[in-house]
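Now for the letters of each chain:
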Amino acid sequence: MSLHFEKTSIKSLELSNRSVRSATWTGLGDEKGYVTDQAVSFYGELGSGEIGLIVTGYQYVMTNGIQLPYMIGNYEDGQIDGLSRLAEIVHNRGGRIIPQIVHAGARANVKLFREGDEVWGPSAIADPVTGKKPKEVSRSEIHQLLEAYAAAALRSKKAGFDGVQLHAAHGYGINQFLSPVWNKRSDSYGGSISNRYRFLAEVLEAVRAAVGEDFPVVIKLAAHDFVENGLVPEEAVQVSRRLADDGIDAIEVSAGSAASPKDLAPIRKVKKVPEDEGYFLEFASYVKESVEVPVIAVGGFRSLGTVQAALSDGKADYTAMSRPFIREPHLIKRWKNGDTSPALCISCGGCFETGLEGKGISCKIERQLKKKQEKKQR
Ligand SMILES: Cc1cc2nc3c(=O)[nH]c(=O)nc-3n(C[C@H](O)[C@H](O)[C@H](O)COP(=O)(O)O)c2cc1C
Ligand code: SF4
């Protein structure tokens, strides 16, 4: 049995193989962030694809932490029933699933705000992407944020998910606290990397207190901001060591954000296989050398060969993919059953289109192929 298809576990969570579906916004929440029937079917399809671990798209923990439209929310208890439908359908099909929770911080989308919401960030510095200047959060607002993360994690547990992932990458709230570009605070939350880590340490502490020792708490962490004076890999490794000491159960390593140059963004073109694959693998490997907890590599994986090599070279314990599963939710099953040709995804970015229209993400190329076929049949 190859390393990739080996059974493993993260804490007590048993996984059928070393593949992860990286968090992917589906655009399938309603206006209040409640789970729709279409979202349940979408996750059901993923659930029958034999992926080791599915991470849901990012779920906002406070209404002023929202980012993309039709994002699923995890900010009030009324949402538990809908969230439990996602967990249930994946479990019924033999999969494992955890939600990713986020507060977008300074990068929140004011167009989607409710009355009274204001933009919060670590410092009152205009976000380079939205141009909005957030309110620098006070101690009591930091406390509200910690409570919101903890409550979201507890809701996730009550909904029957198998763990929870904190989103600390891609330029959102936790990443902003870690980064010297967004975080200019002069109190104990700003300055040295140890101070910039404080907010995340407190989020983890609050989440752990809410869900208990046995519930897996994992993180998607920025290894590099790719902006001038931003977070750098050496600091991300220090953060990883602290996270490991503070009880994180796995670290998924990503980098960049919408503020970084396009060719250094978290979602990049993968034109050539294998040359362009695994574009953050060296960061994952750097983190793996420094901590004992499992490391998940993400970013441009497309072929079983590259995935296997990342594992057998000891650079990562798991590999995660996002776009390939939009085109082929059953990619892992296909590979397992012997068709090991690379993922069909050509990383054109067309999957966002229907998501932004409120119809849920879908593969543009598959849509075009279907249209052509229908035309032929007419
Ligand atoms: C449609 C879409 C939605 C995404 N939503 C999220 C998200 O909710 N949270 C997150 O951490 N990353 C998100 N990402 C980034 C992916 O998880 C992943 O880090 C990135 O696409 C690189 O992996 P890939 O080359 O396998 O697609 C999204 C990517 C796409 C294409
Ligand atoms: S639309 Fe493009 S990027 Fe999205 S899944 Fe299809 S081929 Fe991949």
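Cut-offs used in this document
- Residues numbered from 1 in each chain as written.
- Chains lettered and ligands numbered in written order.
- Predicted model: local features only at pLDDT ≥ 70, side-chain atom pairs only at ≥ 80, totals over all residues.
- Heavy atoms only, no water.
- Near = heavy atom within 4 Å.
- Helix = DSSP H or I, 4+ residues; strand = E, 2+ residues; numbered from the N terminus.
- Phe/Tyr/Trp six-rings, centres within 6.5 Å; stacked < 30°, edge-to-face > 60°.
- Buried < 20%, exposed > 50% of the residue type's maximum accessible area, 1.4 Å probe, protein only.
- Lys NZ or Arg CZ within 6 Å of the ring centre and 35° of its normal.
- Pairing = 2+ DSSP bridges.
- Axes fitted to C-alpha atoms, helices over the stretch in contact; angles between N-to-C directions.
- Contact = heavy atoms within 4.5 Å.
- Polar contact = N/O pair within 3.5 Å; in protein donor to acceptor, adjacent residues only side chain to side chain.
- Areas by Shrake-Rupley, 256 points an atom, 1.4 Å probe, with all protein chains shown as cover.
- Nonpolar A, V, L, I, M, F, W, Y, C, P; charged D, E, K, R; others polar.
- Right-handed = clockwise from strand over helix to strand, strands pointing away.
- Expected span 1.5 Å × (residues − 1).
- Core = buried A, V, L, I, M, F, W, Y, C linked by side-chain atoms within 4.5 Å.
- Parallel < 35°, antiparallel > 145°, perpendicular 65-115°, else oblique.
- Left-handed = near helix turned anticlockwise from the far one by under 90°.
- Patch = residues over 30% accessible without salt bridge, like charges linked within 9 Å, V, L, I, M, F, W, Y side chains within 5 Å.
- Salt bridge = Lys/Arg side-chain N within 4 Å of Asp/Glu carboxyl O.

Per an unreviewed UniProt entry, the protein is named NADH:flavin oxidoreductase, and its organism is Desulfomonile tiedjei.

Draft legend 1. Structural detail: the site of ligand 2. Around ligand 2 lies a shell of 13 residues, among which Cys345, Cys348, Cys351, Cys363 and Lys364 are the nearest. For the shell around ligand 2, the secondary structure elements donating two or more residues are helix 9 (323-327) and helix 12 (364-377). Examining the composition of the shell around ligand 2, we find that three residues originate from one element, helix 9, more than from any other.

Draft legend 2. Main features of the packing of aromatic side chains. Overall, the coordinates contain 10 aromatic pairs when judged by the stated rule. Note on Phe226 and Phe283: the rings are 6.1 Å apart at their centroids and 40 degrees apart in plane angle, and the pair reads as tilted. Here Phe283 lies in helix 7 (residues 281-290) and Phe226 lies in the loop between strand 9 (217-222) and helix 6 (233-245), a separation of 57 residues in the sequence. Classification of Phe226 as buried rests on a relative accessible area of 16%. Ring geometry for Tyr279 and Phe280: centres 4.9 Å apart, planes at 80 degrees, overall edge-to-face. For the pair Tyr279 and Phe280, one class covers both residues: buried. Taken together, the ring pairs in this structure connect Tyr149, Phe177, Tyr189 and Phe199 into an aromatic cluster. A cation over an aromatic ring shows up here: Arg18 above the ring of Tyr318, its NZ or CZ 5.8 Å from the ring centre.

Draft legend 3. Spatial organisation of the sheet that holds strand 9. Taking strand neighbours around the barrel as the criterion, the eight strands line up as 3-4-5-8-9-10-11-12 in a closed arrangement whose pairing is parallel. Geometrically, the sheet is characterised by an average inter-axis angle of 25 degrees between neighbouring strands, direction not taken into account. Across three bridges, strand 3 (residues 19-21) lies against strand 12 (residues 318-321) in parallel orientation. Across the sheet, the residue bridging to Arg21 is Met321, located in strand 12. The sheet strands contacting helix 2 (residues 80-92) are strand 4 (53-60) and strand 5 (97-102), and the helix crosses strand 5 at an angle near 150 degrees.

Draft legend 4. Up close: the site of ligand 1. Looking at ligand 1, there are 22 residues lining it, with Ala23, Gln100, Gly300, Ser322 and Arg323 nearest. Take Tyr58: an N or O atom from its main chain is 3.0 Å from an oxygen atom of ligand 1. Within the side chain of Lys220, an N or O atom sits 2.9 Å from an oxygen atom of ligand 1. Isolated, ligand 1 exposes 610 Å² of accessible area, and the fraction of that covered by the protein chains is 97%. Where the shell around ligand 1 is concerned, the elements lending two or more residues are strand 4 and helix 9. Tallied by class, the residues present in the shell around ligand 1 amount to 10 nonpolar, nine polar and three charged.

Draft legend 5. Spatial organisation of the pairing of strand 9. Taking burial as the measure, the six residues of strand 9 include six buried ones, the bulk of the element. Burial of strand 9 is two-sided: the residues Val217, Ile219 and Leu221 facing one way and the residues Val218, Lys220 and Ala222 facing the other way are all buried. By the bridge criterion, five bridges tie strand 8 (residues 164-168) to strand 9 in an arrangement that is parallel. Residue His167 lies in a different strand from strand 9, and its bridge partner there is Lys220. Pairing of strand 9 with strand 10 (residues 250-254) involves five bridges; the strand directions are parallel. Bridge pairing in strand 10 links Lys220 to Glu252. In this fold, the crossover linking strand 9 to strand 10 by way of helix 6 has right-handed handedness.

Draft legend 6. Examining helix 3 (residues 139-158) more closely. Look at helix 3: 29 Å from first C-alpha to last across 20 residues, which is about the 28 Å you get at 1.5 Å a residue. The set of residues buried in helix 3 consists of Glu141, Ile142, Leu145, Leu146, Ala148, Tyr149, Ala150, Ala152, Ala153, Arg155 and Ser156. Note on helix 3: the residue one or two positions beyond its end, Gly160, has a positive phi of about 95 degrees.

Draft legend 7. Expanded view of the nonpolar core. Counting residues in each nonpolar core, the largest one holds 106 residues, and the members touching the most others are Leu166 and Phe199. Residues in contact with Phe199, not counting those within four places in the same chain, are Ile142, Leu145, Leu146, Tyr149, Ile174, Phe177 and Tyr189. In this structure, Leu53, Ala250, Ile296 and Val298 belong to the second largest nonpolar core, which totals 14 residues.

Draft legend 8. Molecular detail of the packing of helix 5 (residues 193-211) against helix 6. Relative orientation of the contacting elements helix 5 and helix 6 amounts to 40 degrees, with a least axis distance of 10 Å. Taken together, the axes of helix 5 and helix 6 are oblique relative to one another. Like other packed secondary-structure pairs, helix 5 and helix 6 cross with a definite hand, here right-handed. The segment helix 5 lies against helix 6, with Ile193, Ser194, Arg196, Tyr197, Leu200 and Leu204 engaging Glu235, Gln238, Val239, Arg242 and Leu243.

Draft legend 9. How the structure looks around helix 8 (residues 304-312). Looking only at helix 8, the buried set comprises Leu304, Thr306, Val307, Gln308, Ala310 and Leu311. Tucked inside the fold, the buried residues of helix 8 contact helix 7, strand 12 and helix 10 (331-336).

Draft legend 10. Highlighting a nonpolar patch on the surface. A cluster of nonpolar residues, Ile267, Phe352 and Leu356, forms a patch on the protein surface that exposes about 270 Å² of accessible area. With respect to the helices and strands, Phe352 occurs in helix 11 (residues 352-356).

Draft legend 11. Examining the environment of Glu235 more closely. Among the secondary structure elements, Glu235 is positioned in helix 6. For the pair Glu235 and Ser179, spaced 56 residues apart in sequence, the C-alpha to C-alpha distance is 9.4 Å. Setting aside its immediate chain neighbours within four residues, Glu235 contacts Pro180, Ile193, Arg196 and Gly230.

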